[in-house]
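# Remarks on the overall topology
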Amino acid sequence: MRYREPKQLEPAHESSVLYLELAPKHMAMFRFLLEAYDNVAMFTVLDPKKTLLKLIFSPHDRKYIHEILISMQSKVPFVIVND
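Residues numbered from 1 in each chain as written. Predicted model: local features only at pLDDT ≥ 70, side-chain atom pairs only at ≥ 80, totals over all residues. Heavy atoms only, no water.

## Remarks on the overall build of the chain
Secondary structure summary: the chain contains two helices and four strands in total. In the chain, the succession of helices and strands from N to C terminus is β-α-β-β-α-β. A globule of 83 residues ought to have a C-alpha radius of gyration of about 12 Å, and the chain, at 13 Å, matches this closely. Expressed along its principal axes, the backbone C-alpha trace of the chain runs to roughly 40 × 25 × 20 Å. Restricting to contacts in the chain with at least 6 residues of sequence separation, those with at least 24 account for 72%. Taken as two groups, the 11 positive and 10 negative side-chain charges of the chain have centres that lie 6 Å from each other. (Helix = DSSP H or I, 4+ residues; strand = E, 2+ residues; numbered from the N terminus. Rg over C-alpha atoms; globule rule 2.2 N^0.38 Å. Contact = heavy atoms within 4.5 Å. Lys, Arg positive; Asp, Glu negative; His and termini not counted. Charge placed at Lys NZ, Arg CZ, Asp CG, Glu CD.)

Below you can see the structure in the form of structure tokens.
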């Protein structure tokens, strides 16, 4: 991943959200990899049985989040439920 230059952006009035589904055994690795990207996003577990996650991030980072998720899929298999 490349270094992101800081830039001045208009304040976001609401967060962007993606819903992801993955196997419970991959949850720890997903958290570890996501935190490695400077906490650009956070998530909460909506359904622990299906491991349905709600990923929350700034709308300004949407493209960067997709790049991160693409790079993570080679290590942690998951499905984006909405986009």
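## Describing helix H2 (residues 62–72)
Along H2, the residues that are buried comprise Tyr64, Ile65, Ile68, Leu69 and Met72. For H2, the arc enclosing every buried residue in end-on projection is 135 degrees, short of the 170-degree limit, so these residues lie on one face. Relative to its buried face, H2 has exposed residues pointing more than 90 degrees away, namely Lys63 and Ile70. Turning to H2, the residues buried within the fold contact strand S1 (16–22), helix H1 (27–35), strand S2 (41–47), strand S3 (52–57) and strand S4 (78–80). (Buried < 20%, exposed > 50% of the residue type's maximum accessible area, 1.4 Å probe, protein only. Arc of directions from axis to C-beta.)

## What to know about the environment of glutamate 5
Looking at where glutamate 5 falls in the secondary structure, it is placed in the segment before S1. The exposed category is assigned to glutamate 5, whose relative accessible area is 59%. Residues glutamate 5 and lysine 25 lie 20 residues apart in sequence; the distance between their C-alpha atoms is 35 Å.

## As for H1
In an α-helix, one full turn covers 3.6 residues, which means residues spaced three or four apart are oriented alike. Regarding H1, the residues found buried are Met27, Phe30, Leu33 and Leu34. Along the axis of H1, the buried positions cluster into a sector of 130 degrees, meaning they face one direction only. Across from the buried face of H1, at angles greater than 90 degrees, the exposed residues are Ala28 and Phe32. For H1, the elements touching its buried residues are S1, S2, S3, H2 and S4.

## Some details on the pairing of S2
Taken together, the six bridges between S2 and S3 define a ladder with antiparallel strand orientation. Note that in S3 the partner of alanine 41 across the bridge is phenylalanine 57. Linking S2 to S3, which pair antiparallel, is a turn of four residues; within it threonine 51 sits at a positive phi near 55 degrees. (Pairing = 2+ DSSP bridges.)

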